[in-house]
Structure formats: structure tokens, C-alpha cells
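# Structural characterization, general
So the chains spell out like this:
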Amino acid sequence: MAAFSDDEKNREKTVNVNANYKYNHSNVPFSKYDLMSDEERKNDLEKVKTGLKQYTIFSKEECLEIEKNINRVVSKADKGYYKKHTVDRAPLRNKYFFGEGYTYGSQLERKGPRQERLFEEGTVDKIPDWIYKLVINRLVKKNIIKKNFVNSAVINDYLPGGCIVSHIDPPHIFERPIVSVTFFSDSALSFGCKFAFKPIRCSKPLYVLKLQRGQVTTMDGYAADEITHCIRPTDVKSRRAVIILRKVREDAPRLRSISIHRPSTKADHRKRNRKDDLDDDISDRKKMKLCKFGGLYSDKMENKAKSIVITDKVIGQLFGKRKHIEAGDAHFTSNQNEVDE
Ligand SMILES: O=C(O)CCC(=O)C(=O)O
């Protein structure tokens with residue numbers, strides 16, 4: 001095929017943007033896919049699809065049983081039963097981490113790729129037996145995942161209008177595939193969306209994968225590594241939960257920090273994302289300052305005590321205020337290390 005001149009390429013882009021602008025009737029952002037030719041989009045779409053598989057293995061009765069257990073997790077969390085890093089609350093979307101949990105989104109001291117860190121060992125609850133019995137073992141039996149693959153199970157519980165902004169599950173933390181099972185209601189996983197906020201809105205996805213209640217989805221290759229995925233607010237019409245089953249890499253970086261080992265409460269999580277964890281990038285100078293302000297930290301203490309109380313005031317003095325979800329964006333959670341397309 002003859003090569004296009006720059007002028008021709010630009011004209012091609014303009015034509016595509018204009019074509020997509022028909023869709024863009026309400027100040028919707030553009031993504032890089034809006035600027036691609038139909039041919040380029042088609043190629044990317046094929047690559048995404050090759051990385052996705054879906055299986056329908058859970059009956060309605062099995063879904064009901066699993067959903068009952070999800071509800072038990074929710075009520076235990078409300079009663080403060082779980083460890084501090086098991087529960088992560090956000091408007092219209094709560095997450096429950098089992099096996100492993102990690103810092104992401106606004107919890108990160110530094111934004112950007114590869115900044116996510118596993119929480120200290122023992123600071124999230126272990127994977128509940130019912131998840132093994134009712135979900136993981138079934139997937140192993142069906143040869144969807146290998147025995148002992150899963151060491152992290154996360155439940156996301158969305159209310160209508162809840163979402164997860166565009167992101168790639170950090171490859172330095174998680175092996176592939178990423179496996180998920182949908183409960184309570186159908187939804188859709190979108191690929192290649194760009195988000196804008198206040199009010200929240202997103203570009204036309206490159207691909208929308210329907211997710212049915214009880215359906216298993218696996219994501220690998222290009223779909224997992226080269227394009228972002230998200231759940232759009234518009235695709236959560238009624239309560240939906242997902243159980244995400246992943247393998248944390250053996251060499252995944254972990255916080256060296258010290259957290260408060262006590263059950264979490266709703267009030268804690270309202271104050272969540274405050275600086276009660278310091279990641280392993282904290283410089284010695286900051287530690288010294290922390291010692292000065294809080295009188296609490298030394299390497300020896302870190303090894304021995306494994307428990308520290310760092311007040312917001314102390315951390316505020318050290319790091320300044322961290323960005324939080326803005327009021328008025330009550331339906332949006334920025335708790336992903338967002339990588340928009
Ligand atoms: O809700 C889903 O199916 C996807 C969730 C997700 O991508 C995540 O929590 O990282």
C-alpha cells in the first residue's frame with residue numbers, strides 16, 4: 001500500500017474526528033482511538049478480542065449462594081470486622097481485598113507507572129474459604145485457571161452509576177490472566193476510554209464487552225497489557241459486584257511501612273487515603289523529620305514494634321496535602337492509577 005504523506009494522514013485524522021464528533025454531542029472527550037483510521041481501529045480491536053475469553057459456568061442458584069456470601073462480607077465490613085487494608089470505600093463503589101492488597105490511585109505518594117505497592121504482609125484478611133469453595137475451585141475444575149494460581153481476591157461492589165476509571169492492572173504487581181466473575185446484575189467492560197470529570201464522562205470505547213451475571217471473563221495479552229479497561233457509570237444500572245481473581249507476582253514490590261493493626265470502621269474509611277502508610281521510597285531525611293515531629297520512627301523500631309501511629313497533622317507537615325476526591329464528584333472514584341487513552 002502506498003505510504004501516506006503527513007498532509008494525507010492529518011486529513012484522515014480530521015475526517016475520523018469529525019465522524020466521531022457525531023457521537024460527541026455532550027462534551028465527551030476524545031481518545032487516541034478517535035484519531036485512528038478505521039483500519040487501525042479494526043487492527044487494535046482484533047488484538048483486544050484475542051486476549052479476552054468468557055465462560056458461563058455458574059447457575060442462577062450458584063450465583064445466589066455466592067451473592068449471599070458477598071452480602072456477608074459487606075455486613076462484616078460495616079461492623080469493623082476486617083483488617084484496615086481489607087476495605088476500601090469510595091462513593092458508589094467499595095472494594096474488599098483478600099489475600100493481598102495494594103496502594104493505588106489517590107493512595108499513591110507518587111502518581112505514575114509502577115508506583116503501586118503491596119501492603120505489608122498480614123494487613124489484609126486472607127481469602128475467605130467460601131471464595132475457594134464456591135468460585136476458585138470451580139474455575140480450577142473447569143481448567144480456566146491452574147491450581148494455586150490465585151493468591152489475591154478482590155470484591156468490587158458497585159451501586160448504580162458507580163465506576164472504575166480507565167486503567168491497566170499493574171503488570172509489576174499481577175501476573176496474567178486477570179480473571180473476574182460478575183454477580184447481582186449484568187454490566188459491561190469498556191476498552192480504550194478516555195475519561196473527563198465534573199461531570200464524569202468518557203469517550204467512545206474501542207470495544208465494549210458485555211458482562212453477564214455469573215459469567216467469567218479472563219483478560220490476557222494485548223487486552224490486559226496494551227489498552228486500558230474501565231467500567232463506565234452508564235454501564236452500572238443496578239447493584240453489581242465482581243470478584244477479581246489474580247496472582248500477585250513473587251517479586252511485586254511491597255511497602256516497608258508500618259500500619260495500624262486494628263479493625264477498620266466506616267469512619268476510618270471516610271478518612272481513608274490519609275497518610276497512615278509510608279512507602280519504601282521515603283527518604284531518610286523524611287524519616288528523620290517524622291521522628292522530629294512525631295518522635296515515632298527509627299529503623300530499629302520498624303523491625304521491632306511493627307506498629308506506629310502517625311497523625312494526619314504530622315504527615316501533613318511532611319508531605320503537604322494529598323489530592324482527594326473533589327466534592328461534587330460524589331459519583332466518581334479516582335481510586336485507580338488512571339491511564340487514559
Ligand atoms: O468491575 C470489573 O469487572 C472490573 C474491575 C477492575 O477492572 C478493577 O477493579 O481493577
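In this text the structure is predicted, and so the values were computed from the model without any measurement.

## Quick notes on the overall build of the chain
- Across its full length, the chain holds nine helices and 13 strands.
- Across the 341 residues that make up the chain, the buried fraction comes to 36%.
- Of the contacts made within the chain by residues no fewer than 6 positions apart, 82% connect residues no fewer than 24 positions apart.

## Describing helix α4 (residues 129–141)
- Along α4, the largest kink reaches about 30° and is centred on valine 135.
- Those residues of α4 that sit buried are Ile131, Val135, Ile136 and Leu139.
- The elements touched by buried residues of α4 are α3 (60–78), β3 (93–98), β4 (152–158), β6 (178–183), β11 (215–219) and β13 (240–246).
- Of the residues one or two after α4, asparagine 143 is the one with positive phi, at around 60°.

## Comments concerning the environment of proline 171
- Along the chain, proline 171 turns up in the loop between β5 (164–167) and β6.
- Under the C-beta neighbour-count criterion, proline 171 is labelled partly exposed, with 14 such atoms within 10 Å.
- In this structure the C-alpha to C-alpha distance between proline 171 and glutamate 116, which are 55 residues apart in sequence, comes to 10.0 Å.

## Observations regarding the packing of α3 against α4
- For the pair α3 and α4, the least separation of the axes is 11 Å and the interaxial angle reads 160°. It follows that α3 is roughly antiparallel to α4 by the angle criterion. Like other packed secondary-structure pairs, α3 and α4 cross with a definite hand, here left-handed. Only Trp130, Leu134 and Val135 of α4 make contact with α3, whose side of the interface consists of Glu65, Ile66 and Asn69.
- Each residue belonging to the contact of α3 with α4 can be placed in one class, and the counts come to four nonpolar, one polar and one charged.

## Quick notes on the nonpolar core
- Formed by 46 residues in total, the largest nonpolar core has its most connected members in Tyr96, Ala153, Ile243 and Leu245.
- If you list the elements that add at least two residues to this core, you get α3, β3, α4, β4, β6, β11, α5 (221–225) and β13.
- Considering every element that reaches this core, the biggest residue donor is β13, with five residues.
- With sequence-adjacent residues up to four places away left out, alanine 153 is seen in contact with Phe98, Gly99, Ile127, Ile131, Ile243 and Leu245.
- In terms of nonpolar packing, the next biggest core, distinct from the first, is built from twelve residues, Ile164, Leu189, Leu211 and Val236 among them.

## Details of the confidence of the model for the chain
- Across the chain, the average pLDDT comes to 79, with 67% of residues at or above 70.
- Across residues 11–15 the pLDDT falls below 50, and counting only partners more than four positions away or on other chains, this stretch makes three contacts in the model.

## Looking at the sheet that holds strand β2 (residues 87–90)
- Pairing is antiparallel across the open sheet formed by seven strands, whose spatial order is β1-β11-β6-β13-β4-β3-β2. Every other strand in the sheet has two partners, leaving β1 (52–56) and β2 as the edge strands with one partner each. The mean angle between the axes of side-by-side strands here comes to 15°, regardless of whether they run parallel or antiparallel.

## As for α3
- Helix length check: α3, at 19 residues, gives a terminal C-alpha distance of 27 Å against a target of 27 Å (1.5 Å per residue), a fit within 8%.
- Buried within α3 we find Ile66, Asn69, Val73 and Ala77. Considered in projection along α3, the buried side chains sweep an arc of 90° and stay on one side of the axis. Opposite its buried face, α3 presents the exposed residues Lys60, Glu61, Lys68 and Ser75, each directed more than 90 degrees away.
- The inward-facing, buried residues of α3 contact β2, β3, α4, β4 and β6.

## So, the sheet that holds strand β7 (residues 187–191)
- If you walk across this open sheet you meet the four strands as β5-β12-β7-β10, and the pairing is antiparallel. What marks the edges here is a single partner per strand, and that holds for β5 and β10 (207–211). For this sheet, the mean angle separating the axes of adjacent strands, direction not counted, is 20°.
- Relative to β10, β7 runs antiparallel, the two being bridged by five bridges. Along β10, the bridge assignment pairs serine 190 with valine 208.

## Focus: unusual backbone geometry
- With omega at 5°, the peptide bond leading from arginine 176 into proline 177 counts as cis.
- Among the structural elements, proline 177 can be located in the loop between β5 and β6.
- Residue lysine 198 is joined to proline 199 through a cis peptide bond whose omega torsion reads 0°.
- The topology assignment puts proline 199 in the loop between β8 (195–196) and β9 (201–202).
- Backbone geometry at leucine 92 places phi at a positive 65°, although glycine is not the residue there.

## Section: the environment of leucine 245
- Of note, leucine 245 is situated in strand β13.
- Judged by C-beta crowding, with 25 C-beta atoms within 10 Å, leucine 245 ranks as buried.

## Let's talk about the environment of threonine 234
- Along the chain, threonine 234 falls in the loop between β12 (229–231) and β13.
- Taking the number of C-beta atoms within 10 Å as the measure of exposure, threonine 234 has 14 and is therefore partly exposed.
- For threonine 234 and cysteine 202, which are 32 residues apart along the polypeptide, the C-alpha to C-alpha distance reads 9.9 Å.

About the cut-offs
Residues numbered from 1 in each chain as written. Predicted model: local features only at pLDDT ≥ 70, side-chain atom pairs only at ≥ 80, totals over all residues. Helix = DSSP H or I, 4+ residues; strand = E, 2+ residues; numbered from the N terminus. Buried ≥ 20, exposed ≤ 12 C-beta atoms within 10 Å, placed from the backbone. Contact = placed C-beta atoms within 7 Å. Bend = angle between axes of the 7 residues up to and from the residue. Axes fitted to C-alpha atoms, helices over the stretch in contact; angles between N-to-C directions. Parallel < 35°, antiparallel > 145°, perpendicular 65-115°, else oblique. Left-handed = near helix turned anticlockwise from the far one by under 90°. Nonpolar A, V, L, I, M, F, W, Y, C, P; charged D, E, K, R; others polar. Core = buried A, V, L, I, M, F, W, Y, C linked by C-beta atoms within 7 Å. pLDDT = per-residue confidence, 0-100. Pairing = 2+ DSSP bridges. Expected span 1.5 Å × (residues − 1). Arc of directions from axis to C-beta.

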